[in-house]
Amino acid sequence: VQLQASGGGLVQAGGSLSLSCAASVSTVSFRSMGWYRQAPGKQRELAASINSSGSTNYGDSVKGRFTISRDNAKNTVYLQMNSLKPEDTAVYYCKMTRYLNNVDYWGRGTLVTVSS
């Protein structure tokens, strides 16, 4: 299983970015998919997750600004990030957990930098 994340970049505060994470296998095989982030000097934290039923969960700091979605036809999970703040600057990682073996798969991170 390979996960390919894309969409990071540099944006000004208040702007928007959209991240994508494409899986090499069908995403119907994953019971949950999510985005985590790690800022310099900080622990990795949950940004958003979505399960097979479409239920979502967000970190407190991104609620109301970020939206996670999945497209099983494209084997992709998305993270729409609006009203970005400098404190959103981090490397963003996608993670998917399979039904088959309950193993977590991680994509390579994509850097998001928000300038003030």
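Our structure is the block above this text.
What comes next is a walk through the structure. (Residues numbered from 1 in each chain as written. Predicted model: local features only at pLDDT ≥ 70, side-chain atom pairs only at ≥ 80, totals over all residues. Heavy atoms only, no water.)

## Focus: the state of the cysteines
Phase 1: Counted according to the given criterion, the structure contains 1 disulfide.
Phase 2: Across a sulfur-sulfur distance of 2.0 Å, C21 and C94 are joined as a disulfide pair. Disulfide C21 to C94: torsion about the S-S bond roughly 45 degrees, handedness right-handed. Taken together, the positions of C21 in strand 3 (residues 17-23) and C94 in strand 9 (residues 90-98) put the pair 73 residues apart, joining distant regions of the chain. Accessibility assignment for this pair places C21 and C94 in one class, buried. (Disulfide = S-S within 2.5 Å. Helix = DSSP H or I, 4+ residues; strand = E, 2+ residues; numbered from the N terminus. Buried < 20%, exposed > 50% of the residue type's maximum accessible area, 1.4 Å probe, protein only.)

## Thoughts on the nonpolar core
One recurring pattern in soluble globular proteins: nonpolar side chains tend to sit buried together.
Phase 1: Of all hydrophobic cores here, the largest spans 29 residues; its most connected members are W35, I68, V77, L79, M81, Y92 and M96.
Phase 2: Listing elements by their share of this core, those giving two or more residues are strand 1 (3-6), strand 3, strand 4 (30-38), strand 5 (45-51), strand 7 (66-71), strand 8 (76-81), strand 9 and strand 11 (110-115).
Phase 3: Apart from residues lying up to four places away in sequence, Y92 is in contact with L19, W35, Y36, R37, F66, L79, M81, R108, G109, T110 and V112. (Core = buried A, V, L, I, M, F, W, Y, C linked by side-chain atoms within 4.5 Å. Contact = heavy atoms within 4.5 Å.)

## Here's the deal with the pattern of salt bridges
Phase 1: This model, assessed by the stated rule, comprises 5 salt bridges.
Phase 2: Here E45 ties to R37 by a salt bridge, and the two come within 2.8 Å at their closest N and O atoms.
Phase 3: The salt bridge involving D88 is made with R65; its shortest N-O contact spans 2.7 Å. Taken as a pair, D88 in the loop between strand 8 and strand 9 and R65 in the loop between strand 6 (56-58) and strand 7 lie far apart in primary sequence, 23 residues in all.
Phase 4: Taking relative accessible area as the criterion, D88 reaches 0% and is therefore assigned buried. (Salt bridge = Lys/Arg side-chain N within 4 Å of Asp/Glu carboxyl O.)

## Here we look at the sheet that holds strand 8
Phase 1: Here we have 4 strands laid out as an open sheet, ordered 1-3-8-7, and antiparallel in their pairing. Of all the strands in the sheet, the pair left with one neighbour each is strand 1 and strand 7. Shown here is a sheet whose adjacent strand axes are inclined to one another by a mean of 15 degrees, direction ignored. (Pairing = 2+ DSSP bridges. Axes fitted to C-alpha atoms, helices over the stretch in contact; angles between N-to-C directions.)

## A short note on the packing of aromatic side chains
Phase 1: Under the defined criterion, the tally for this structure stands at 3 aromatic pairs.
Phase 2: A centroid spacing of 6.5 Å and a plane angle of 80 degrees characterise the contact between Y93 and W106, whose relative ring orientation is edge-to-face. Taken as a pair, Y93 in strand 9 and W106 in strand 10 (residues 104-106) lie far apart in primary sequence, 13 residues in all.
Phase 3: The exposure class of W106 is partly exposed, given its relative accessible area of 37%. (Phe/Tyr/Trp six-rings, centres within 6.5 Å; stacked < 30°, edge-to-face > 60°.)

## Some remarks on unusual backbone geometry
Excluding glycine, residues mostly have negative phi values, and the peptide bonds linking residues are mostly trans.
Phase 1: Of note, the phi angle at N75 is positive, near 55 degrees, even though the residue is not glycine.
Phase 2: Within the element layout of this structure, N75 appears in the loop between strand 7 and strand 8.
Phase 3: In this structure, S83 takes a positive phi of about 50 degrees despite not being glycine.

## What about the environment of G9?
Phase 1: As for its position among the elements, G9 is in strand 2 (residues 9-12).
Phase 2: Counting along the chain gives 68 residues from G9 to V77, while the straight-line C-alpha distance between them is 18 Å.
Phase 3: Ignoring any residue separated from it by four or fewer positions in sequence, one finds G9 in contact with L17, L111, V112 and T113.

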